[in-house]
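Structural characterization, general
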Amino acid sequence: MRVPLSLLALLAALVSTAPVSAAAEGAPAWDACVGLASTPDARIKACSAVIDTRSESGQRLAGAYCNRGHGLTEKRELDAALSDLDEAVRLAPGYACAYNNRGRVYSFKRDYDRAIAEYDQAIKLDPSLTLAYSNRGESRFNKGDLDGAIADFDAAIKRDPNYVTAYANRGFVYARKHDTAHALADYSMRIRLAPDLIAYIDRGNVYRDSEQLDRAADYGEAIRVAPTDARGWRNRGMIRLYRGDNKRGLADYDKALQYDPSDVFSWNNRGQARLRLGDRQGAIADFRKALELRPGLPSAHDALQKLGAL
């Protein structure tokens, strides 16, 4: 789900549309075209070989166009993707894959009404297509229809109780509705199914926003599973500053900046930690770096002004 980045933490739960494949029979090009593990570049190359040689026909040829469209969508070559998906629809009007993936192109184009109409058609053709419900939920969320989004994520989970993305996205929507209990339940299920960096950060964010700071140990788990990713360090650093543990908060921001020296908010927050610890010159240097990365950042500007360093 494409959502805005918050000031000090990352909420990310992208909805992806895997291609719908027919039985993987035939030449290596066909197998790579429809294979779920293929990279976008490999998928485009393989599907192009199938299309150019006309080694398939009917719905399988439509599948090649659909899957090449998927690969092009992943590379954000949206107009080329749309052309392929239009051709897939022309070749096989009853093939849900093309409508589902075409909806995703319209979603990336921020034409959410068109996207929803495409997902409606995909679901009409194949009511068991879990991805279409999840993707429609994303478009409904982006239109501001939070209840409609939840209903779609409910439908996706009903059809696939282990569908991680739907739990992640439904949890995010519940968090936006300030429904902490349901958000935590969904994020906890997500962690049980796929305990990765973002899963722990998302649940940690809910604990943080509901002022359950003692439960934000999830950021420590994020560091454990991805020790070289700055996001766990900077989120835990923020919690430590909230709790007045400035020395350990400073250490976390040191790590965050080691792994992501371009993060303006880590420079700004480390400046706050240094200021609280009496390191005036270090704080000034960090606030100046924050302003260098983002001119006009109010918190850094105000801190430098109060320090008489502007």
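Going by the structure above, here's the rest.
Figured I'd write up the structure that's included with this text. All of these numbers come straight from a predicted model, not from anything done at the bench.

Section: the overall build of the protein chain
When you go through the protein chain residue by residue, the secondary structure sums to 17 helices and 0 strands. Here the C-alpha coordinates of the protein chain stretch approximately 75 × 40 × 35 Å along the principal axes. In the protein chain, buried positions account for 53% of the 310 residues. The contacts of the protein chain with a sequence gap of at least 6 include a subset with a gap of at least 24, amounting to 48%.

As for helix α5 (residues 96-108)
Here α5 contains 13 residues, and its C-alpha end-to-end distance of 19 Å stays within 8% of the 18 Å for a straight helix at 1.5 Å per residue. Most of α5 sits out of view: 13 of its 13 residues are buried. Directly after α5, the chain includes R110, whose backbone phi takes a positive value near 65 degrees.

Brief notes about unusual backbone geometry
Positive phi values are uncommon outside glycine, yet R54 reaches one of about 50 degrees. Structurally, R54 can be placed in the loop between α2 (40-53) and α3 (58-74). With relative accessibility at 48%, the residue R54 sits in the partly exposed group. Its identity as a non-glycine residue notwithstanding, R76 has a phi of 60 degrees, on the positive side. Position of R76 relative to the elements: it lies in the loop between α3 and α4 (78-91).

Some points on the side chain of R234
The residue R234 is located in helix α13 (residues 230-242) in this model. For R234, a relative accessible area of 15% puts it in the buried group. Reaching out from R234, the side chain makes a polar contact with the side chain of D260 at a distance of 3.3 Å. Ignoring anything within four residues of it in the chain, the contact list for R234 reads Y253, A256, D260, D263 and S266.

As for the packing of helix α11 (residues 197-209) against α13
Geometry of a packed helix pair, given as the angle between the helix axes and the separation of the axes. Two elements in contact, α11 and α13, have axes whose closest approach is 10 Å; the angle formed by their N-to-C orientations is 20 degrees. By the angle class used here, α11 and α13 are roughly parallel. The two elements α11 and α13 cross, and the hand of that crossing is left-handed. For the pair α11 and α13, contact is made by L197, I198, I201, N205 and R208 and by R231, G232, N235, M238, I239 and Y242, respectively. Of the residues in the contact of α11 with α13, the class split is 6 nonpolar, 3 polar and 2 charged.

Points about the state of the cysteines
Counted by the stated rule, this structure contains 2 disulfides. Each sulfur in the disulfide pair C33 and C47 lies 2.0 Å from the other. On the sign convention where negative is left-handed, the bridge of C33 and C47, at about 100 degrees about the S-S bond, is right-handed. You can see C33 sitting in helix α1 (residues 28-34) and its partner C47 sitting in helix α2, a full 14 residues away along the chain. Relative accessible area serves as the criterion here: at 0%, C33 is assigned to the buried category.

Some remarks on the pattern of salt bridges
As enumerated under the stated definition, the model contains 31 salt bridges in all. A salt bridge links R136 to D120; the shortest N-O distance between them is 2.7 Å. Taken together, the residues R136 in helix α7 (residues 130-142) and D120 in helix α6 (residues 112-125) connect sequence positions 16 residues apart. Between D245 and R248 there is a salt bridge, with the nearest N and O atoms lying 2.7 Å from each other.

Focus on helix α14 (residues 246-259)
With 14 residues, α14 extends 20 Å from end C-alpha to end C-alpha; this agrees with the ideal 20 Å at 1.5 Å per step. Those residues of α14 that sit buried are N246, G249, L250, D252, Y253, A256 and L257. Down the axis of α14, the sector holding all buried residues measures 160 degrees, keeping them to one side. For α14, exposure combined with an orientation more than 90 degrees from the buried face picks out K247 and Q258. Residues of α14 that are buried in the fold lie against α13 and α15 (264-276).

Some words on the nonpolar core
In terms of nonpolar packing, the biggest core is built from 43 residues, with C33, C66, A88, Y95, V105 and A122 touching the most fellow members. Here this core gets 7 residues from one element, more than from any other, and that element is α5. Setting aside residues no more than four positions away along its own chain, A88 makes contact with A62, Y65, C66 and A98.

Rules used in this analysis
- Residues numbered from 1 in each chain as written.
- Predicted model: local features only at pLDDT ≥ 70, side-chain atom pairs only at ≥ 80, totals over all residues.
- Heavy atoms only, no water.
- Helix = DSSP H or I, 4+ residues; strand = E, 2+ residues; numbered from the N terminus.
- Buried < 20%, exposed > 50% of the residue type's maximum accessible area, 1.4 Å probe, protein only.
- Contact = heavy atoms within 4.5 Å.
- Expected span 1.5 Å × (residues − 1).
- Polar contact = N/O pair within 3.5 Å; in protein donor to acceptor, adjacent residues only side chain to side chain.
- Axes fitted to C-alpha atoms, helices over the stretch in contact; angles between N-to-C directions.
- Parallel < 35°, antiparallel > 145°, perpendicular 65-115°, else oblique.
- Left-handed = near helix turned anticlockwise from the far one by under 90°.
- Nonpolar A, V, L, I, M, F, W, Y, C, P; charged D, E, K, R; others polar.
- Disulfide = S-S within 2.5 Å.
- Salt bridge = Lys/Arg side-chain N within 4 Å of Asp/Glu carboxyl O.
- Arc of directions from axis to C-beta.
- Core = buried A, V, L, I, M, F, W, Y, C linked by side-chain atoms within 4.5 Å.

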